[in-house]
Amino acid sequence: MNPVVPSETSQGSEKTKPHALGKPAATPFESRILGTGSYLPPKLLTNTDLEKLVETNDAWIVERTGIRQRHIAADGEYTSDVGLVAAKLALEASGLTANDVDMIIFCTVSGDQPTPSTACVLQKKLGARNVMSFDLNAACTGFVYGLTIADQFIRSGIYEHILVVGAEVLHPFVNYKDRETCILFGDGAGAVILGRSNALPRTESTPPSKTDSKIYSAHLRADGSLGELFTLRAGGSAMPLSAEALERGDHYLSMKGREIFKHAVRTMSDVCQQALDANGMSMDDIDWLIPHQANLRIIDAVGKHFGIPAEKVIVNVHDTGNTSAATVPIALDQGVRDGRIRRGQNVLLTAFGSGLTSGSLLLKY
Ligand code: UT7
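Residues numbered from 1 in each chain as written. Predicted model: local features only at pLDDT ≥ 70, side-chain atom pairs only at ≥ 80, totals over all residues. Heavy atoms only, no water.

Student: Tell me what's going on with the site of the ligand, and back it up with residues and numbers.
Tutor: Around the ligand sit 22 residues in total, of which Thr56, Arg64, Arg258, Asn295 and Arg297 are the nearest. Interatomic distance of 2.8 Å between a side-chain N/O atom of arginine 179 and an oxygen atom of the ligand. In this structure, an oxygen atom belonging to the ligand sits 3.1 Å away from a side-chain N or O atom of histidine 292. When the ligand sits alone it has 940 Å² of accessible area, and the protein chains cover 76% of it. Breaking the shell around the ligand down by element, the ones donating at least two residues are α2 (58-65), α6 (179-182), α8 (257-278) and α9 (296-306). The biggest single contributor to the shell around the ligand is α8, with 4 residues. (Near = heavy atom within 4 Å. Polar contact = N/O pair within 3.5 Å; in protein donor to acceptor, adjacent residues only side chain to side chain. Areas by Shrake-Rupley, 256 points an atom, 1.4 Å probe, with all protein chains shown as cover. Helix = DSSP H or I, 4+ residues; strand = E, 2+ residues; numbered from the N terminus.)

Written out as structure tokens, the structure is:
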């Protein structure tokens, strides 16, 4: 194992030591991804386009981030709209209709507006029943958090079909005069329908077959002491939108890129190791690693840490840039639709983001 990741981390200190438990107790039900969907708006913002906006160049962006282009939502195309396309595709892939959805979790940092929630807007646009619907803000880790919550409601037997969306329209929050951030972010959406595994209900006497889908474990973290590294300050109760806030540009995403980079590599490596340890697995048992798509060098560093071959890592950051909560479900959907990810394979999702949040979720697809 290549020790690129120092073991001493703020997230691993005694104060912030996360729960070792990430494996749920046995219950009659397991979760299965019934269908996936994703959507990338057709409009592109290329590196060459950015060269006209800030002092940067294609070669630098490609070398330092791996990103070549990002997709940008059209005027009047909101986060609920991009989420809606992904949600409809996920429903279609599941063989279900909006009427079957028992709960909607909408993971985003760029909702249509603070309230009502984008989940409620989506519920209306989708024509779903009046089911429990809420937004989840765990930044780029949002989808991993959301899928974990959905798994609990499936495993408890409360709900049968849960729609989890990760969707962002980030471009209104990007300062296209700040070359450190504007090169990174794009818009897009991914969605899954989580349902009950097919051999259910399962009891001691009817153990699941080898191809039964399940979520093995989730290891989620947050370290608020590092919150200053990545912020969008204005628009909340601490700093309501004002002419002064707009003047300062506090309504834009702001970050300390180099420090986030280091934490990202450490924390994703840590939470992936936790997932492997909790399940008595090694990276050899993982068929696909789907990391948050923020920067190709971060993805490569995590892959190198585990010695995982590049062919087993799903990467699309060159095409999408960083779509925050949407990166993981978009990459998952692309892997499923192009036939790389097959039933019975082990898939390890991992992400990190503002908060700082981070997490891993290990599933059998
Ligand atoms: O979901 C989480 C979201 N955030 C992240 O994932 C951010 C993680 N961090 C990163 O991806 C990288 O830190 C960046 C891509 C943001 C920056 O790359 P870096 O290799 O860490 O560059 P740096 O900040 O160390 O800057 C190196 C040089 C600096 O110039 P000097 O001081 O060496 O003369 C920067 O001013 O590169 C300069 N620079 C640029 N040059 C051309 C910074 N941004 C640019 C740019 N084009 N866009």
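Student: Explain the side chain of arginine 70 to me, using residue names and the numbers behind them.
Tutor: Within the secondary structure layout, arginine 70 lies in strand β3 (residues 69-71). Buried within the structure, arginine 70 lacks any salt-bridge partner; aspartate 49 is the closest side chain of opposite charge, at an N-O distance of 7.0 Å. There is a polar contact of 2.7 Å between the side chain of arginine 70 and the side chain of asparagine 47. (Buried < 20%, exposed > 50% of the residue type's maximum accessible area, 1.4 Å probe, protein only. Lys, Arg positive; Asp, Glu negative; His and termini not counted. Salt bridge = Lys/Arg side-chain N within 4 Å of Asp/Glu carboxyl O.)

Student: Talk me through the environment of methionine 283; I want residue IDs and the actual numbers.
Tutor: One can find methionine 283 in the loop between α8 and β11 (288-291). Judged by its relative accessible area of 7%, methionine 283 falls in the buried class. Between the C-alpha atoms of methionine 283 and glutamine 273, which are 10 residues apart in sequence, the distance is 8.8 Å. Once you skip the residues sitting within four places of it in the chain, methionine 283 turns out to touch Cys272, Leu276, Leu289, Phe306, Ile308, Lys312 and Leu348. (Contact = heavy atoms within 4.5 Å.)

Student: Residues and numbers for the sheet that holds strand β8 (residues 214-222), please.
Tutor: Within the open sheet, the 4 strands sit side by side as β8-β13-β12-β11. Their pairing is mixed. The two strands at the open ends of the sheet, each matched to only one other strand, are β8 and β11. Taken pair by pair, the neighbouring strands of this sheet meet at an average axis angle of 10°, ignoring direction. As paired elements, β8 and strand β13 (residues 357-364) share 8 bridges and run antiparallel to each other. By the bridge assignment for β13, lysine 214 is matched with lysine 364. With respect to the sheet, helix α5 (residues 142-155) is in contact with β8, β12 (346-353) and β13, its orientation differing from that of β8 by roughly 130°. (Pairing = 2+ DSSP bridges. Axes fitted to C-alpha atoms, helices over the stretch in contact; angles between N-to-C directions.)

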